[in-house]
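# Chains, contacts and geometry: an overview
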Amino acid sequence: MRSITRGLGLGTAAMALTALTALTWPGTAGAAPAGTASLYTPSSLVLGVTAGPDAATGRVLRAVTLVCAPKPGGTHPNPAAACAELRASGSQLDELAEPASDAVCTREWNPMTVTADGVWQGRRLSYTYTFANPCGLWNSTGVLFDF
């Protein structure tokens, strides 16, 4: 019985020494797994402009991609400014789609619908806004839908 107890004591001491060595050895304890140079919350959207009041049944006129993390990119013409607007709005996109206060547009009904679908800061985002006509879209306050 004494040899079993002594064996368990030595085994426990060896495991503790191994764990301590692994924690204090330079470059091994805090190493990130291969292929993960940096961790970030994904932010990538597909933005679209559709002719008609409903994006599901309308005719898609144009679409772009917008990637905001790890750095601005995608096919959006101004990804840095669009990502900055998104960060400032906190994913509340209505304020980015509102026509400018000094916009002068006719009251014709020729609806244009903008959409944003994807992931924003790790959360699913699905957004739709319908302008009364193209003038409202061209005079919107933000650059997010300016493509």
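Our subject is the structure listed above.
Summarised in this report is the structure supplied together with it. (Residues numbered from 1 in each chain as written. Predicted model: local features only at pLDDT ≥ 70, side-chain atom pairs only at ≥ 80, totals over all residues. Heavy atoms only, no water.)

## A closer look at the pairing of strand β1 (residues 43-51)
The side chains of a regular strand alternate, first on one face of the sheet and then on the other. One ladder, built from 9 bridges, connects β1 with strand β2 (residues 59-69); its direction is antiparallel. What sits directly across from Val46, in β2, is Thr65. (Pairing = 2+ DSSP bridges. Helix = DSSP H or I, 4+ residues; strand = E, 2+ residues; numbered from the N terminus.)

## Description of the state of the cysteines
Following the criterion strictly, the structure yields 2 disulfides and no others. The disulfide that involves Cys68 links it to Cys83, with 2.0 Å between the sulfurs. Taking the sign of the S-S torsion, -90 degrees for the link of Cys68 and Cys83, the bridge is left-handed. With Cys68 in strand β2 and Cys83 in helix α2 (residues 79-89), the pair connects residues that are 15 residues apart, well separated along the chain. Covalent S-S linkage joins Cys105 and Cys135, the inter-sulfur distance amounting to 1.9 Å. When the S-S torsion is -75 degrees, as for the bridge of Cys105 with Cys135, the disulfide is left-handed. Of this pair, Cys105 sits in the loop between α3 (94-97) and β4 (112-120) while Cys135 sits in helix α4 (residues 134-138), and the two are 30 residues apart along the sequence. Exposure remark for Cys105: the relative accessible area of 30% places this residue in the partly exposed category. Residue classification places Cys135 among the buried positions, given a relative accessible area of 17%. Cysteines bonded in the protein chain are numbered consecutively along the chain; their disulfide partners then correspond to 1-2, 3-4. (Disulfide = S-S within 2.5 Å. Buried < 20%, exposed > 50% of the residue type's maximum accessible area, 1.4 Å probe, protein only.)

## Observations regarding the nonpolar core
Across soluble globular proteins, nonpolar side chains have a tendency to be buried as a group. Core analysis: the biggest nonpolar cluster contains 23 residues, and Leu47, Leu66, Leu86, Leu93, Leu137, Leu144 and Phe145 have the highest contact counts within it. Of all the secondary-structure elements, those providing two or more residues to this core are β1, β2, α2, α3, β4 and β5 (123-131). No other element matches the 4 residues that β4 contributes to this core. When sequence neighbours within four positions are dropped, the list of residues in contact with Leu93 reads Leu86, Ala116, Leu125, Tyr127 and Leu144. (Core = buried A, V, L, I, M, F, W, Y, C linked by side-chain atoms within 4.5 Å. Contact = heavy atoms within 4.5 Å.)

## Some details on unusual backbone geometry
As a rule of thumb, non-glycine residues mostly have phi less than zero, and peptide bonds are mostly trans rather than cis. Residues Ala69 and Pro70 are joined by a peptide bond in cis, for which omega reads 15 degrees. Of note in the backbone geometry, Gln121 takes a positive phi value of approximately 50 degrees without being a glycine.

## Some details on the pairing of β2
Where β2 meets strand β3 (residues 73-74), 2 bridges bridge the pair, whose relative direction is antiparallel. Bridge pairing links Leu66 to Gly74 in β3. A loop of 3 residues connects β2 with β3, the two strands running antiparallel in sequence.

## As for the side chain of Thr115
Along the polypeptide, Thr115 turns up in strand β4. Residues within four places of Thr115 in sequence aside, it is in contact with Val46, Leu47, Gly48, Ala55, Tyr127, Thr128 and Phe145.

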